[in-house]
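# Residue-level structure breakdown
Listed below are the residues making up each chain.
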Amino acid sequence: MRPLSNRVLGIPRSGIRGVMDLAERLDGVIHMEVGEPHLQPPAHILAAAADATRAGFNKYTPNAGLPSVREVLAHKLRSENGIPATVDTIVMTPGGVFATACAVLTITAPGEEVLLPEPGWPNHGNQLTLFGVKPVYYSLHPSRGFLPDPDELEALTSPRTKAILVNSPANPTGAVFPRETLAGILGLAQRRDLYLITDEVYEKILYEGEHHSPAAWDEDGRVISCFSFSKTYAMTGWRIGYIHASPELCQGFGKLQETLVSCVSSPAQKGAEAALSGSQEFVRQMVETYRGNRDAACRLFTEAGVKIVEPHGAFYLLVDVSSAGLDSYAFMEQLLAAKRVAVAPGLTFGQHCDRYIRISFCKEQDIVVDGIRRILDFLAGK
Ligand SMILES: Cc1ncc(COP(=O)(O)O)c(C=O)c1O
């Protein structure tokens, strides 16, 4: 048989999915590798989607999504994010992952460059590689609280740069970018005539600081904002997110959706509508649970003398495991075999992250604590 395309062969595997595959073959594993909220979505969302199927929402919708649902999204963006959104500036996508893919595909040509955070979510870089676009990494250094250095960003832009991507609250560091940082990056995008892609899928998972959407200050339609229902409403399997951008860009995203997925599943759109229209108490309680987990996790590691990066948002913790003298992949594999805890190896988030593992704490607290105790035992050679 002829080989697979180089396009596909060239996509590196995300280290997170790789661990999931390894862990699948073992029993009794505590899963701390993947960003999957442990809760089920609230009942009113489930009911809305089920009712929608009975009411006939079983058909294709417009590429961008049902106008009535986009109206609800526009209201949310206006009232909560300060973005002057309308139905024509929103396209619903199959998850946040497809939102960033649409953004990159619509604005770049092969050979162009996009600035990406390092450490960062591996899929951003892998998407660029798939599309023949070059990822150029800007560093989020511990000494700067994992925030970008404006001088470095400026220095990395070249005539081939098409966009800067920012992710706040950030995966894997949990950093929440302050308003000045985001405004500074938007200023750079304006000066250099670049697009700014914002990955805001963790916008509601905040412990300290405030979430800011740069599209609120966008003067000329260069910001492309990507959102998701996955993390906020524990709807990872529904595959639903949305993108906000200028009407012209949205037309481009609509064409892409038409070619690749047609539209987002219509019951999922109705579930998303209910998620935004109904009570937000679920989100508040979920974030409080994660805050408790974050505090417990930080305390356990700190008391044991293990360095961590305290997150202010999202639900991940970077743990410095360099004392084990192993690279992060070897650490992950040996930990999994010895203690049955699956974690993500730091190297998958960036070249300078090999001293870390990333754990997800979006689970019941007793499971988080059990997982951390096993990691501490492993580190102590027990
Ligand atoms: C930074 C970031 N962006 C986007 C996503 C994609 O989420 P989804 O496609 O489920 O909306 C994830 C998932 O982990 C993520 O960590």
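Definitions and cut-offs
Counting restarts for each chain, with residues numbered from 1 along the sequence as it is written. Predicted model: local features are reported for residues with pLDDT of at least 70 only, side-chain atom pairs are reported and counted for 80 or more only, and whole-chain, interface and lining totals are derived from all residues. As a rule here, side-chain values cover all heavy atoms of the structure and leave hydrogens and water aside. For helices the rule is a DSSP run of H or I covering at least 4 residues; for strands it is a run of E covering at least 2, with both sets numbered from the N terminus onward. We compute the radius of gyration over the C-alpha atoms and compare it with the globule rule, which gives 2.2 Å times the number of residues raised to the power 0.38. Only protein chains enter the area calculation, which uses a 1.4 Å probe; residues under 20% of their type maximum are buried, those over 50% are exposed, and those in between are partly exposed. We call two residues in contact whenever any of their non-hydrogen atoms come within 4.5 Å of each other. Charge counting treats Lys and Arg as positive and Asp and Glu as negative, with His and both chain ends excluded. To locate a charge, the coordinates of NZ of Lys, CZ of Arg, CG of Asp or CD of Glu are taken. The pairing criterion for strands is at least two bridges between them, as found by DSSP. A fitted line through C-alpha atoms represents every axis, and for helices the fit uses only the stretch in contact; the resulting angles, taken between N-to-C directions, go from 0 to 180 degrees. In a helix, the anticipated span is given by 1.5 Å times the number of residues less one. One heavy atom within 4 Å of a molecule or strand makes the whole residue count as near it. As used in this structure description, the phrase polar contact means that two N or O atoms lie within 3.5 Å; if the pair is within protein, one of them must be able to donate a hydrogen and the other to accept it, and residues adjacent in sequence are counted only when both atoms belong to side chains. Residue exposure ignores everything except the shown protein chains as possible cover, and the areas themselves are Shrake-Rupley values with a 1.4 Å probe. The rule is simple: put a 1 Å grid over the protein atoms alone, call a set of points where a 1.4 Å probe fits but cannot get out a cavity, call an open set with protein on both sides within 12 Å along at least five of seven lines a pocket, and count a residue as lining if it has an atom within 4 Å of a point. By definition, a pocket or cavity contains a molecule when more than half of the molecule's atoms lie within 2 Å of the pocket's grid points. Residues are sorted three ways: Asp, Glu, Lys and Arg are charged, Ala, Val, Leu, Ile, Met, Phe, Trp, Tyr, Cys and Pro are nonpolar, and all the rest, Gly among them, are polar. Only buried residues count toward a nonpolar core, which is a set of Ala, Val, Leu, Ile, Met, Phe, Trp, Tyr and Cys residues joined through side-chain atoms within 4.5 Å. Each domain's extent is set by a domain assignment, obtained either automatically or from a database. Grid points are joined across faces, edges and corners, and a volume is the space filled by probe spheres set on the points. Throughout this description, the term salt bridge denotes a Lys or Arg side-chain nitrogen within 4 Å of a carboxyl oxygen of Asp or Glu. What counts as a ring pair is set by centres within 6.5 Å for rings of Phe, Tyr and Trp (its six-membered ring), and what kind of pair is set by the plane angle: stacked under 30 degrees, edge-to-face over 60, tilted for all other angles.

This part is about the overall build of the protein. Across its full length, the protein carries 13 helices and 14 strands. Compactness check: the protein gives a C-alpha radius of gyration of 21 Å against a globular reference of 21 Å for 382 residues, within 12% of the reference. In the protein, which comprises 382 residues, the proportion classed as buried is 55%. Of the contacts formed within the protein by residues at least 6 apart in sequence, a portion of 75% connects residues at least 24 apart. Looking at the protein, you have 36 positive and 42 negative side-chain charges, and the mean spots of the two groups are 4 Å apart.

All right, on to the sheet that holds strand 8 (residues 223-228) then. The sheet built from 8 strands is open, its strands ordered 2-9-8-7-6-3-4-5 with mixed pairing. The open sheet has two free edges, formed respectively by strand 2 (90-93) and strand 5 (147-148), since each of these has just one partner strand. Where helix 8 (residues 179-191) meets the sheet, it contacts strand 5, strand 6 (161-167), strand 7 (195-199) and strand 8, and its direction lies at approximately 170° from that of strand 6.

With that settled, the discussion passes to helix 9 (residues 247-260). Since there are 3.6 residues in each turn of an α-helix, residues three or four apart along the chain are aligned in direction. With 14 residues, helix 9 should reach 20 Å at 1.5 Å per residue; the first-to-last C-alpha distance of 20 Å fits that figure. Looking only at helix 9, the buried set comprises Leu 249, Cys 250, Gly 252, Phe 253, Gly 254, Leu 256 and Gln 257. Considering only its buried residues, helix 9 is in contact with strand 2, helix 5 (96-107), strand 7, strand 8 and strand 9 (241-244). Count one or two residues on from helix 9 and you reach Ser 262, which has phi positive near 70°.

Another point: the site of the ligand. Looking at the ligand, there are 14 residues lining it, with Gly 96, Asp 199, Tyr 202, Ser 228 and Ser 230 nearest. Within the side chain of Ser 228, a nitrogen or oxygen atom sits 2.5 Å from an oxygen atom of the ligand. Its free accessible area being 400 Å², the ligand has 92% of it covered by the protein chains. With respect to the pocket detection grid, the ligand is positioned in the largest pocket. Tallied by class, residues from the shell around the ligand come to 5 nonpolar, 6 polar and 3 charged.

Right, let's get into the nonpolar core. Among the nonpolar cores identified, the biggest contains 93 residues, and Ile 164, Phe 229 and Ile 359 are the most heavily contacted of them. The element contributing the most residues to this core is helix 11 (residues 281-303), with 9 residues. Shared between two domains, this core takes at least three residues from each, and those domains are domain 1 (6-31 + 281-379) and domain 2 (43-277). Filtering out sequence-adjacent residues up to four positions away, Ile 164 remains in contact with Leu 115, Tyr 138, Leu 153, Ile 185, Leu 188, Leu 194, Tyr 195, Leu 196 and Ile 197.

It is worth spelling out the sheet that holds strand 13 (residues 344-345) at this point. The strand order across the open sheet built from 4 strands is 10-11-14-13, with neighbouring strands paired in antiparallel fashion. Because the sheet does not close on itself, it has two edges, and the strands there are strand 10 (308-309) and strand 13.

Moving on, we get to empty space enclosed by the protein. Under the counting rule described, the total for this entry stands at 2 cavities of 30 Å³ or more. The space that makes up the largest cavity amounts to roughly 50 Å³. What lines the largest cavity is simply Lys 76, Glu 203, Lys 204, Ser 228, Phe 229, Thr 232, Tyr 233, Tyr 242 and Leu 276. Considering only enclosed or pocket space, the second largest cavity measures out at about 30 Å³ in volume. Lining the second largest cavity are Val 166, Asn 167, Ser 168, Leu 182, Thr 198, Asp 199, Glu 200, His 211, His 212 and Pro 214. Every element with two or more residues in the lining of the second largest cavity is listed here: strand 6 and strand 7. Broken down by class, the residue content of the lining of the second largest cavity amounts to 3 nonpolar, 5 polar and 2 charged.

Okay, the pattern of salt bridges next. Scanning all chains against the criterion turns up 20 salt bridges. Note that Arg 191 is salt-bridged to Glu 154, the shortest N-O span being 2.9 Å. Of this pair, Arg 191 sits in helix 8 while Glu 154 is found in helix 7 (residues 150-156), placing the two residues 37 residues apart along the sequence. You can call Arg 191 exposed: its relative accessible area is 55%. Between Arg 222 and Asp 220 there is a salt bridge whose closest N-O contact spans 2.9 Å. Salt bridges sharing partners connect three or more residues here, namely Glu 208, Arg 294, Asp 295 and Glu 310.

Moving on: the packing of aromatic side chains. For the coordinates displayed, the defined rule picks out 9 aromatic pairs. Ring geometry for Phe 315 versus Tyr 316: centroids 5.0 Å apart, planes at 65°, classification edge-to-face. Accessibility classification places Phe 315 together with Tyr 316 in one group, the buried group. Here the aromatic rings of Phe 331 and Phe 378 are separated by 5.1 Å at their centres, their planes lie at 85°, and the arrangement is edge-to-face. Of the two residues, Phe 331 sits in helix 12 (residues 328-339) while Phe 378 sits in helix 13 (residues 365-379), which places them 47 residues apart along the sequence.

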